[in-house]
Amino acid sequence: MNPDDELAERFRAGDEHALRLAYDRYGGAVLYLGVRLLGNRADAEDVTQTTFVAAWQGRGTFDPERGGMLGWLLGIARRKAVDRLRSAAREERVATTVRAQPVADEESPERVLDRLVVADELAQLPAEQRRSLELAFYDDLTHPQIAALTGLPLGTVKSHIRRGMANLRRRWEVDGAASGSRSAGPSRAL
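For every chain, the first residue of its written sequence is number 1, and the numbers climb from 1 along that sequence. pLDDT decides what is reported in this predicted model: residues at 70 or higher carry local features, side-chain atom pairs at 80 or more are listed and counted, and totals for whole chains, interfaces and linings draw on all residues regardless. To get the side-chain values, all heavy atoms of the structure are used, and hydrogens and water are removed first.

- As recorded in an unreviewed UniProt entry, the protein chain goes by the name RNA polymerase sigma factor, listed as coming from Actinoplanes auranticolor.
- UniProt positions are given in the numbering used here, feature names are shortened, and annotations may be inferred rather than shown by experiment. Taken directly from UniProt, the Sequence similarities (unreviewed entry) text for the protein chain runs: "Belongs to the sigma-70 factor family. ECF subfamily."

Spelled out as C-alpha cells, the structure:
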C-alpha cells in the first residue's frame, strides 16, 4: 500500500494523527487554491481551516475509488471558497441596500432599525426570492415587468414573491422582531 492510500485509510478510520499528516501534506495546496480563488490570504487561511474541519467531519464520505485525497480536499476547498465569496457578496448587497435607502432627517431610530433588519432578512432568502422582492418593492416593478426583466415565467415570479414574503414573515416572527406595534401590520420598511 502506498503512503497516500495508507494515509487516506487512517484518515477515514478516524486517526487524529492522520488528520495532522493530511494537513501537513495537503494544506499548502488547499491554501494555494484558496488564495487563487479568493485573492486574500486571510480568507484563504480561514477556508483552509474550514476545509479540513469539514473533511474530518465528513471523512466517511471520502471514497478512494472516486479519486485521491488531494482531489477530494480541493473539491471541499473550492466549495468553501465559493461559499465565502457568496457570503461576502450577500454582505455587500445588504450594505449597498442600506446605503441606497434615503434617510430623512426626521426618521426615527426604530425606522432605521427596521430597514436594517429587513435588509438583513432579505439577504438570508434564496437569490430568486430576494431578487423578485427587491424588484417588486425597491424598484416598484409589477409582476409582469419582473417576469420580462428576469426572463422567468409570470407564475414563477409570483411564487417567488409569495414564498419570499412568507419566509420573511416566518423569519421576522422567529427572530422575535414581531413584537409590540410591529406585529400589528405590515412593516413600513419594505
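**Here's the deal with helix α2 (residues 16–38)**
Inference 1: The way it works is that DSSP assigns letters per residue, a run of H or I at least four long becomes a helix, a run of E at least two long becomes a strand, and they are numbered from the N terminus. For a helix, the expected span equals 1.5 Å multiplied by the number of residues minus one. Between its first and last C-alpha, α2 extends only 29 Å over 23 residues, short of the 33 Å set by a 1.5 Å rise per residue.
Inference 2: Along its length, α2 shows its largest kink, about 55°, at tyrosine 26.
Inference 3: For α2, the set of buried residues is Ala18, Ala22, Tyr26, Gly27, Val30, Leu31, Gly34 and Leu38.
Inference 4: Residue contacts are defined here by distance: any two heavy atoms, one from each residue, within 4.5 Å place the two residues in contact. For α2, the secondary structure elements touched by its buried residues are α1 (3–12), α3 (41–57) and α4 (69–100). The angle between axes fitted to the seven residues ending at a residue and the seven residues starting there is what we call the bend at that residue. Using a 1.4 Å probe on the protein chains alone, a residue whose accessible area is under 20% of its type maximum counts as buried, one over 50% counts as exposed, and one in between counts as partly exposed.

**Focus: helix α5 (residues 109–124)**
Inference 1: Taking 1.5 Å as the rise per residue, α5 with 16 residues should run 22 Å; its terminal C-alpha atoms sit 23 Å apart, in good agreement.
Inference 2: Every buried residue of α5 is listed here: Asp114, Arg115, Val118, Ala119, Glu121, Leu122 and Ala123.

**Details of the pattern of salt bridges**
Inference 1: We define a salt bridge as a side-chain nitrogen of Lys or Arg found within 4 Å of a carboxyl oxygen belonging to Asp or Glu. Taken as a whole, this structure holds seven salt bridges when the rule is applied.
Inference 2: Residue glutamate 9 is joined to arginine 12 by a salt bridge in which the shortest nitrogen-to-oxygen separation is 3.9 Å. Taken together, the residues span about one helical turn, with glutamate 9 and arginine 12 both in helix α1 at a distance of three residues.
Inference 3: Here aspartate 43 and arginine 84 are joined by a salt bridge, their closest N and O atoms 3.1 Å apart. With aspartate 43 in helix α3 and arginine 84 in helix α4, this pair connects stretches of sequence that are 41 residues apart.
Inference 4: Assessed through its relative accessible area of 25%, aspartate 43 is described here as partly exposed.
Inference 5: With a relative accessible area of 27%, arginine 84 lands in the partly exposed category.
Inference 6: Among the charged side chains, a salt-bridge network with shared partners connects Asp43, Asp46 and Arg84.

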